[in-house]
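Here's the letter readout for the chains.
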Amino acid sequence: MISQSCKIPSVEDPARYTVREFQRSDLVEITSNEKIDVCMQYPLLGMKNAEVQCLLRKEAAEKLYEAAAKLPKGWRFRIWDAWRPFALQHELYETYSKDIIRDFGLEKVSEEERNAVIRGFVSDPIPDREIPPVHTTGGAIDLTILDVDGKELDMGTGFDAFTEKTRTDYFEASNHIEEADRIRENRRLLYGLMTDAGFTNLPSEWWHYDYGDRFWAYYNHCPAIYGGVFTKEEIHGFGDKHE
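Here goes a summary of the coordinates provided. Here the structure is a predicted model, which is why all the values come from computation and not from measurement.

Each value, and the rule that gives it
- Residues numbered from 1 in each chain as written.
- Predicted model: local features only at pLDDT ≥ 70, side-chain atom pairs only at ≥ 80, totals over all residues.
- Heavy atoms only, no water.
- Helix = DSSP H or I, 4+ residues; strand = E, 2+ residues; numbered from the N terminus.
- Buried < 20%, exposed > 50% of the residue type's maximum accessible area, 1.4 Å probe, protein only.
- Contact = heavy atoms within 4.5 Å.
- 1 Å grid on protein atoms, 1.4 Å probe; cavity = no way out; pocket = protein on both sides within 12 Å on 5 of 7 lines; lining within 4 Å.
- Points joined across faces, edges and corners; volume = space filled by probe spheres on them.
- Nonpolar A, V, L, I, M, F, W, Y, C, P; charged D, E, K, R; others polar.
- Axes fitted to C-alpha atoms, helices over the stretch in contact; angles between N-to-C directions.
- Parallel < 35°, antiparallel > 145°, perpendicular 65-115°, else oblique.
- Left-handed = near helix turned anticlockwise from the far one by under 90°.

1. Quick word on the side chain of Thr-144
(1) Moving on: Relative to the elements of secondary structure, Thr-144 occurs in strand β5 (residues 140-146).
(2) Moving on: Given a relative accessible area of 1%, Thr-144 falls into the buried group.
(3) Moving on: Discounting residues that sit within four places of it in the chain, Thr-144 has contacts with Arg-76, Phe-77, Arg-78, Trp-80, Glu-152, Leu-153, Met-155, Leu-190 and Trp-206.

2. Brief notes about the layout of surface pockets
(1) Moving on: By volume, the largest pocket amounts to about 570 Å³.
(2) Moving on: Along the walls of the largest pocket sit 31 residues, with Arg-119, Ser-123, Asp-124, Arg-214 and Phe-215 positioned nearest its centre.
(3) Moving on: Elements with a contribution of two residues or more to the lining of the largest pocket: α3 (86-103), α4 (111-119) and α6 (214-220).
(4) Moving on: Per-element accounting of the lining of the largest pocket gives the leading share, 3 residues, to α3.

3. Thoughts on unusual backbone geometry
Negative phi values dominate among residues other than glycine, just as trans dominates among peptide bonds.
(1) Moving on: Positioned with a positive phi, Asp-160 is a non-glycine residue whose angle comes to about 60°.
(2) Moving on: Among the secondary structure elements, Asp-160 is positioned in the loop between β5 and α5 (180-196).
(3) Moving on: Judged by its relative accessible area of 13%, Asp-160 is buried.
(4) Moving on: Its identity as a non-glycine residue notwithstanding, His-221 has a phi of 55°, on the positive side.
(5) Moving on: Residue position: His-221 is located in the loop between α6 and α7 (238-242).
(6) Moving on: Owing to a relative accessible area of 69%, His-221 belongs among the exposed residues under this scheme.

4. Comments concerning empty space enclosed by the protein
(1) Moving on: What the rule picks out here adds up to 1 cavity of 30 Å³ or more.
(2) Moving on: Its boundaries defined by the atoms lining it, the largest cavity holds a volume of some 40 Å³.
(3) Moving on: Forming the walls of the largest cavity are Tyr-17, Thr-18, Val-19, Arg-20, Phe-22, Glu-130, Ile-131, Pro-132, Arg-214, Ala-224 and Tyr-226.
(4) Moving on: Of the residues contributing to the lining of the largest cavity, the split by class is 7 nonpolar, 1 polar and 3 charged.

5. Focus on the packing of α3 against α4
(1) Moving on: Following both chains from N to C, one finds α3 and α4 inclined at 115°, their axes separated by 10 Å at the closest point. The pairing of α3 with α4 is recorded here as roughly perpendicular in orientation. In this structure, α3 crosses over α4, and the sense of that crossing is right-handed. Residues Tyr-93, Ser-97, Ile-100 and Ile-101 of α3 touch α4, and the partners they reach there are Arg-114, Asn-115, Val-117 and Ile-118.

Now the structure itself:
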C-alpha cells in the first residue's frame, strides 16, 4: 500500500506546452469492477453534451488498473470523468466561467487575469487537436476513492468545486480544522497511488490526473503522446487519421 506519510509537493500550474510526438493509441472503455466504480458526473448533472461511457487511452487505462491494484482490500476508485467530446468541453467552459467569476470576485479584474483563474479549473476550449483541452485526448481522468463501505473518502471539497481548497497541496499547510489530518492523508493516498503508476496531477484540482497529454508532458519534460479526439465518431480508426 502507498504510504500516506509522503507530503504532496507544491507545484506550479502547467504553462502552455506544445512539444509533441503523437502516437497511435486506441481509446478503450473502463467499466465498473471490484476495484473501479464508474460514475460519470456530467450526464448526472444534465450537461447536454455529456458522455456516458468512460473512455481512456489504452496506456492510461493500464496505468489506472496498476494504481487500482494497490488500493486497500475492498476499496475502489470512483471515476467521475475521463474522455470528453469537444462540445462538452465548450459547454463546461461556458457554464463554469460564470460561477468562477462570481466565486472569486473577478468581475472587475482584467480579462487576462480573469481568464488565467478560469483556466486553472477548466481548460479553454480552443479547437486545436495539436494542443487540445486535455480531457479530449483520453489521457485525463477525474477520480476519488471509495472505502470498504462504498463511501467517498473525505477530500475536503467535492468534485468541480471552485475554491482554493481544491488545490491538491492545500491541506499540507492547513491545520485550522479538526479534519485536516484525515483529509491530508486521503489526498496523499490518491496522489501516491496515481503518481506511482505514472500519472501527473493538475495542482489546482486534487481529483485530476493525466497520462500522455500535454499536462503530463509539461511536468515530465517530454513530448505529449496524445492528440485531441473531438467527437465520438472519430474514435473508431482515428489513429490513422489524426495521429
